[in-house]
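# Close look at the chain arrangement
Listed below, chain by chain, are the residues.
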Amino acid sequence: MEDFWKRAKSFAEEAARKSQSLTAPSKIADLVAETAKKSKELAAEATKRADELKTAALKQADQIQIQGISNSISDFIPPQLSSLSITSPASTSSDSQPISDSELQKFGITDDLRDFVKGFTPSTFQNFPSPVQDEPEPSDVTTTESNVRKDLSEWQERHATLVLTTVKEIKKLRYELCPRLMKERSFWRIYFTLVSTHVAR
């Protein structure tokens, strides 16, 4: 780019020198025409260079942004939660056992339930009546390997794990809400209240 500006400066200086030495009107007209032509060429080249720089800058910005997002997510998500990371909501760990249809049925994960929970939005949970959300949270409650709270019943715990594994929308929603907007305990209390008519133990 520096070379381009040197050439443009040199051209301008040369045009100025020529204009001082000209006296005949025809020569002045020729100089003006030549200067205009050269100016257009330089302008076209400058535009091309600018477009190339813009494209290169955008690509670099995209790479930096992707790298930054990747780094920030790995900084804030503990390794034990990586299998439930929002970066890959539909994925499960490669060494997990496949889930059988009979187990899904046993724990209420039906097509009807999936369709129902796909309709949940953050406001579905945030606008839920406050008594469920405002209950104090016990400090001694642990979580399972899949980060589902142990204050759920055994059946609820397995249902929660299965629904997080098989319905990417609820997994993403949980990631958006917990713990920034609500406690994990409130999320699951509201979830099981909402789906109570769609699951049969």
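Throughout what follows, the structure given in this document is the object of discussion. None of the values given here were measured: they were computed from a predicted structure.

Across its full length, the protein chain holds nine helices and zero strands. Within the protein chain, the proportion of its 201 residues that are buried is 29%. Long-range contacts, defined here as pairs at least 24 residues apart, represent 73% of the contacts in the protein chain between residues at least 6 apart. Looking at the protein chain as shown, the accessible area adds up to about 13,400 Å², and 54% of this sits on carbon and sulfur atoms.

A few words on helix α8 (residues 168-177). What α8 keeps buried is the set I170, K171, L173, R174 and L177. Down the axis of α8, the smallest arc covering the buried residues is 165°, so these residues share one side. Elements in contact with the buried residues of α8: α5 (122-126), α7 (154-166) and α9 (184-194).

Another point: the packing of aromatic side chains. What the rule picks out here adds up to nine aromatic pairs. An angle of 80° between the planes, with centres 6.4 Å apart, marks the rings of F120 and Y191 as edge-to-face. Of this pair, F120 sits in the loop between α4 (111-118) and α5 while Y191 sits in helix α9; the two residues are 71 residues apart in sequence, bridging distant segments of the chain. Look at Y191 and you get buried, because its relative accessible area is 0%. Ring geometry for W188 against Y191: centres 5.4 Å apart, planes inclined by 80°, an arrangement best described as edge-to-face. Placement of both W188 and Y191 in helix α9 is noted, with a separation of three residues, approximately one turn of the helix. In this pair, the class of W188 matches that of Y191, namely buried. Through a chain of ring-to-ring contacts, the aromatic side chains of F116, F120, F125, F187, W188, Y191 and F192 assemble into a single cluster. Its guanidinium or amino end placed over the ring of Y175, R180 lies 5.5 Å from that ring's centre, counting from NZ or CZ.

If you walk through the whole model with that rule in mind, you get three salt bridges. For E103, the salt bridge identified is with R158, shortest N-O distance 2.8 Å. Pair noted here: E103 is in helix α3 (residues 101-106) and R158 is in helix α7, with a separation of 55 residues, a long-range link. Across the salt bridge formed by R174 and E184, the nearest N and O atoms sit 2.9 Å from each other. Taken as a pair, R174 in helix α8 and E184 in helix α9 lie far apart in primary sequence, ten residues in all. Judged by relative accessible area, which is 7%, R174 ranks as buried.

Time to look at the packing of α8 against α9. Geometrically, a packed helix pair is captured by the angle between its two axes and the distance between the axes. Viewed as axis vectors pointing N to C, α8 and α9 meet at an angle of 140°, and their least axial separation amounts to 10 Å. The orientation of α8 relative to α9 falls into the category oblique. Between α8 and α9 lies a crossing of right-handed hand. Contact residues: I170, R174 and L177 in α8; E184, F187, W188 and Y191 in α9. For the contact of α8 with α9, a count of residues per class yields five nonpolar, no polar and two charged.

Moving on, we get to the nonpolar core. Counting 28 residues, the largest nonpolar core has F120, F125, I170, W188 and Y191 as the members making the most contacts within it. Those elements that provide at least two residues to this core are α4, α7, α8 and α9. The greatest single-element share of this core, amounting to six residues, is contributed by α9. When residues no more than four places from it in sequence are discounted, the contact partners of W188 are L152, A160, V163, L164 and R174.

Once that is clear, we can look at unusual backbone geometry. Apart from glycine, the bulk of residues carry a negative phi angle, and the bulk of peptide bonds sit in the trans form. The omega angle of the peptide bond from C178 to P179 is -5°, so this bond is cis rather than trans. Assignment of secondary structure puts P179 in the loop between α8 and α9.

Rules and cut-offs
- Residues numbered from 1 in each chain as written.
- Predicted model: local features only at pLDDT ≥ 70, side-chain atom pairs only at ≥ 80, totals over all residues.
- Heavy atoms only, no water.
- Helix = DSSP H or I, 4+ residues; strand = E, 2+ residues; numbered from the N terminus.
- Buried < 20%, exposed > 50% of the residue type's maximum accessible area, 1.4 Å probe, protein only.
- Contact = heavy atoms within 4.5 Å.
- Areas by Shrake-Rupley, 256 points an atom, 1.4 Å probe, with all protein chains shown as cover.
- Arc of directions from axis to C-beta.
- Phe/Tyr/Trp six-rings, centres within 6.5 Å; stacked < 30°, edge-to-face > 60°.
- Lys NZ or Arg CZ within 6 Å of the ring centre and 35° of its normal.
- Salt bridge = Lys/Arg side-chain N within 4 Å of Asp/Glu carboxyl O.
- Axes fitted to C-alpha atoms, helices over the stretch in contact; angles between N-to-C directions.
- Parallel < 35°, antiparallel > 145°, perpendicular 65-115°, else oblique.
- Left-handed = near helix turned anticlockwise from the far one by under 90°.
- Nonpolar A, V, L, I, M, F, W, Y, C, P; charged D, E, K, R; others polar.
- Core = buried A, V, L, I, M, F, W, Y, C linked by side-chain atoms within 4.5 Å.

Without other data, these values stay purely geometric and don't point to any function.
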